[in-house]
Amino acid sequence: MKESNEHILSSITERTITLLADEMQIELLSREFKLHFPNKIELHPYTAMIGIGGTLSLMFTMSFESNILSDLTKAFAYGDIAADEMKAMKESVACEIANTVLGNAIPNFPNKGSGVTITPPVMVECGKSISKNSATTITTSIINTKNGDITLATISPENLSITSRRPQC
Amino acid sequence: MLSVVVVDDSLILRRNISKMLVDLGYKVVAEARDGNEAIMCYNKYSPDLMTMDITMPDMDGITAVREIKKISHAAKIIMVTSHGQEDMVIGAIKAGASGYILKPITTDKLDKAIEKVFPEIKMIRNEQLQAAKEANLDAFVDIETNEELESEDDDLKVDED
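Residues numbered from 1 in each chain as written. Chains lettered and ligands numbered in written order. Predicted model: local features only at pLDDT ≥ 70, side-chain atom pairs only at ≥ 80, totals over all residues. Heavy atoms only, no water.

### Observations concerning the confidence of the model for chain B
- Here chain B averages 86 in pLDDT, while 83% of its residues score no lower than 70.
- Interface confidence for the predicted complex, given as ipTM, is 0.78, next to a pTM of 0.79. (pLDDT = per-residue confidence, 0-100.)

Listed below in structure tokens is the structure:
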């Protein structure tokens, strides 16, 4: 269901824009965004990935250009960051932001996100791209900031279904 | 000084919370990355307080709270949570958590959450603040007294001339 993919990624993107612009004072080139359905996503140097399960079944990736992630890391960190800990902090901030915006967006998912679960975030190391096959749909949005782009994506089965049952815990 | 263990799977959050706690005058004795490490740290350090993330790999925060409360019913644990995790916060409180903080974490939020769990801290701080004010006042009086004495000395010198 293309509509579900659009609904889910729009909710996450809107929440991300609010977090960046209003809460972290990051300068965006535009608050507008468009959804795309590409066959392949080119990944930026830092990409966090989270699995969405329970009543949904898809993956979410948030891919950051290095400069904007540096800005976010400085904004996120309490106190100064030593040069030798910057890379680890950037990876941690990428995961934390992906986790936060996804968690905040769940109540706006179809069925108010009832029964949706998410996995802890992981970093994609040395990944260059993600390609779809005939049974999957990739949906993307791009947030353009003054210091680089952030690409958000969901990767789901071609016919994303929302089950009504709650997952067994 | 309260001893604290910070439990979070996020490196940046562990670092931020630890630095904030140190700036607030608390002693961070250890950091843990998941529920299992949290239990090990509790057994090793018997901290006065733990801050605990809810969603963590291997063992989540709610399960860790339940296990730690089995070790010591007196354990004080503050949950760290995001918007949209209200159900989980209720679960954590039922498991024995003493309070919670909503992300994004700030020094002020952390301070207030700790004061709620340990009301005596606020009282002690107020007493310290009052004592400091009184000490400053005494010092101010001393300075004035010295200045008065010096002024009298000058007068005497003038008289001598």
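### Notes on the interface of chain B and chain A
- The partner chain A presents 15 residues to the 16 residues of chain B that form the contact.
- Carbon and sulfur atoms make up 58% of the surface buried where chain B meets chain A, a total of about 1,400 Å² over both sides.
- Area buried by chain B at its contact with chain A is led by Leu11, Ile12 and Arg15 of chain B, which between them contribute 39% of it.
- Seen at the junction of chain B and chain A, the total is 2 salt bridges.
- One salt bridge connects Glu96 of chain A with Lys103 of chain B, and the closest N-O pair in it is separated by 3.1 Å.
- Viewed at the interface, chain A and chain B are joined by 10 residue pairs in polar contact (both at pLDDT 80 or more).
- Broken down by element, the side of chain B that touches chain A gets its largest block of residues, 8 residues, from helix α1 (residues 11–23) of chain B.
- Within the side of chain B that touches chain A, the residues separate by chemical class into 6 nonpolar, 5 polar and 5 charged. (Contact = heavy atoms within 4.5 Å. Buried area = accessible area lost by both parts, 1.4 Å probe. Salt bridge = Lys/Arg side-chain N within 4 Å of Asp/Glu carboxyl O. Polar contact = N/O pair within 3.5 Å; in protein donor to acceptor, adjacent residues only side chain to side chain. Helix = DSSP H or I, 4+ residues; strand = E, 2+ residues; numbered from the N terminus. Nonpolar A, V, L, I, M, F, W, Y, C, P; charged D, E, K, R; others polar.)

### Quick look at the state of the cysteines
Residue and element names in this part refer to chain A.
- Per the counting criterion, the structure on display carries 0 disulfides over all chains.
- A disulfide-free cysteine, Cys126 has its sulfur positioned 15 Å from the sulfur of Cys95, the nearest such atom.
- For Cys126, a relative accessible area of 79% puts it in the exposed group. (Disulfide = S-S within 2.5 Å. Buried < 20%, exposed > 50% of the residue type's maximum accessible area, 1.4 Å probe, protein only.)

### Observations regarding the packing of helix α2 (residues 66–76) of chain A against helix α3 (residues 86–105) of chain A
All names here are of chain A.
- Direction vectors running N to C along α2 and α3 enclose 85 degrees, while the axes themselves pass 9 Å from each other. One way to sum up the angle between α2 and α3 is to call them roughly perpendicular. Contact with α2, carried on its side by Ser66, Leu69, Ser70, Leu72, Thr73, Lys74 and Phe76, involves Met86, Met89, Lys90, Val93, Ala94, Glu96 and Ile97 of α3 and no other residues of that element.
- Broken down by class, the residue content of the contact of α2 with α3 amounts to 8 nonpolar, 3 polar and 3 charged. (Axes fitted to C-alpha atoms, helices over the stretch in contact; angles between N-to-C directions. Parallel < 35°, antiparallel > 145°, perpendicular 65-115°, else oblique.)

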